[in-house]
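# Notes for the structure review
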Amino acid sequence: MDERGLMRQNSRIAAAKDIHHSVRFPVIVPRKHRCTELLVARYHRLYRHANSETVVNEVRQLFIIPKLRSVVKQIGRSCQFCKIRKALPTIPPMASLPPARLAIHDRPFSYVGVDYFGPLLVKQGRSNLREQIDEGVTATFTSANTKWTFIPPSTPHMGGAWERLVRSVKAAIGDAYREGKLNDEELQTVIVEAEGIRQLNRFWQRWLKEYLPVMRRQTKWYDEVRCVQDGDLVLIADEGQRNGWTRAGS
């Protein structure tokens, strides 16, 4: 106990020269006390909400707090700034598949998922040009008989079926396509061959026996979570740019 009534640790470095008295004899502070919380919170803010070890190293220069790391982590968890900075989007439970994914015996291509990859370069003379979309395809895409349903932005998992098909086509093309080494006709031939690889015999029988049972499983997002409700204060995540998140009320 010093002359100011502070309890200090008896130190083995008492004989060290040119070291401040408070460093040689740090003050002993109780773990569960409001003053301890305020002290650690001050260091937490002083060092810009740094990682726990930084705060621990700075605090113990002058103070002895039992189970200091637990106290520092507790302060970090209760810090509102850290809560916002480390917040992650809430992942809802995996929903049931839409009817379009389960339409049995409908006319082929009644429901089609579209994804783009490329652009693909084709050889024309000595130049490499981007392959243009066929006019017939353009007419189909813009026809009044074609109904477009878009998945939300930044949700590639909702297009997993066609994302996987794009990967299969890329694998089927393989080394045949090399950045503009093919002309227009050769590229179309390679694409048709890749399409042939993707064809399935006895399509509906295999769809029912092999594909549909697999879709019953929920491989992730099966935990019960609280859904966002009116009046909640939320952070809008934009393309994974945490520093660009904005706060808004739902």
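Keep in mind that what you see is a predicted model, and the values were worked out from it rather than measured.

## Focus: helix H4 (residues 68–78)
Burial in H4 covers these residues: Leu-68, Val-71, Val-72 and Ile-75. For H4, the buried positions fall inside an angular range of 100° around the axis, keeping them on one side.

## Describing a nonpolar patch on the surface
Taken together, the side chains of Phe-109, Val-112, Val-114, Tyr-116, Trp-148 and Phe-150 define a hydrophobic patch exposed on the protein surface, amounting to about 750 Å² of accessible area. Overall, the relative accessible area of 34% leaves Val-114 in the partly exposed class.

## Regarding the packing of helix H3 (residues 52–59) against H4
H4 packs onto H3 with a crossing angle of 125° between their chain directions and a minimal axis gap of 10 Å. Our classification of the angle between H3 and H4 gives oblique. Like other packed secondary-structure pairs, H3 and H4 cross with a definite hand, here right-handed. Taken together, the residues of H4 that come into contact with H3 (itself represented by Ser-52, Glu-53, Val-55, Val-56 and Val-59) are Leu-68, Arg-69, Val-72 and Lys-73. Looking at side-chain class alone, the contact of H3 with H4 contains five nonpolar, one polar and three charged residues.

## Topic: the side chain of Asp-2
Structurally, Asp-2 is set in the segment before helix H1 (21–24). For Asp-2, the side chain forms a polar contact with the main-chain nitrogen of Gly-5, separated by 3.0 Å. A polar contact of 2.9 Å, which involves the side chain of Asp-2, links it to the side chain of Arg-8.

## Regarding the packing of aromatic side chains
This structure, assessed with the given rule, holds two aromatic pairs. Taking the centre distance of 6.4 Å and the plane angle of 15° together, the rings of Tyr-43 and Tyr-47 count as stacked. Pairing Trp-148 with Phe-150 gives two aromatic rings, centres 5.9 Å apart and planes at 10°, and the pair type is stacked. The aromatic ring of Tyr-43 is capped on one face by Arg-42, whose charged end is 6.0 Å from the ring centroid.

## Considering the side chain of His-44
Considering the arrangement of structural elements, one finds His-44 in helix H2 (residues 34–46). A relative accessible area of 6% means that His-44 is categorised as buried. Once residues within four sequence positions are removed from consideration, His-44 is found in contact with His-49, Ala-50, Val-55, Ile-75, Gly-76, Cys-79 and Cys-82.

## Looking at the packing of H2 against H4
The geometry of H2 relative to H4 is characterised by a closest axis approach of 10 Å and an angle of 70° between their N-to-C directions. Considering their axes alone, H2 and H4 lie roughly perpendicular with respect to each other. Residues Thr-36, Glu-37, Val-40, Ala-41 and His-44 of H2 form the contact with H4, whose participating residues are Val-71, Val-72, Ile-75 and Gly-76. Partitioning the contact of H2 with H4 into residue classes produces five nonpolar, three polar and one charged.

About the cut-offs
Residues numbered from 1 in each chain as written. Predicted model: local features only at pLDDT ≥ 70, side-chain atom pairs only at ≥ 80, totals over all residues. Heavy atoms only, no water. Buried < 20%, exposed > 50% of the residue type's maximum accessible area, 1.4 Å probe, protein only. Helix = DSSP H or I, 4+ residues; strand = E, 2+ residues; numbered from the N terminus. Arc of directions from axis to C-beta. Patch = residues over 30% accessible without salt bridge, like charges linked within 9 Å, V, L, I, M, F, W, Y side chains within 5 Å. Areas by Shrake-Rupley, 256 points an atom, 1.4 Å probe, with all protein chains shown as cover. Salt bridge = Lys/Arg side-chain N within 4 Å of Asp/Glu carboxyl O. Axes fitted to C-alpha atoms, helices over the stretch in contact; angles between N-to-C directions. Parallel < 35°, antiparallel > 145°, perpendicular 65-115°, else oblique. Left-handed = near helix turned anticlockwise from the far one by under 90°. Contact = heavy atoms within 4.5 Å. Nonpolar A, V, L, I, M, F, W, Y, C, P; charged D, E, K, R; others polar. Polar contact = N/O pair within 3.5 Å; in protein donor to acceptor, adjacent residues only side chain to side chain. Phe/Tyr/Trp six-rings, centres within 6.5 Å; stacked < 30°, edge-to-face > 60°. Lys NZ or Arg CZ within 6 Å of the ring centre and 35° of its normal.

Any functional reading would require information that these geometric values do not contain.
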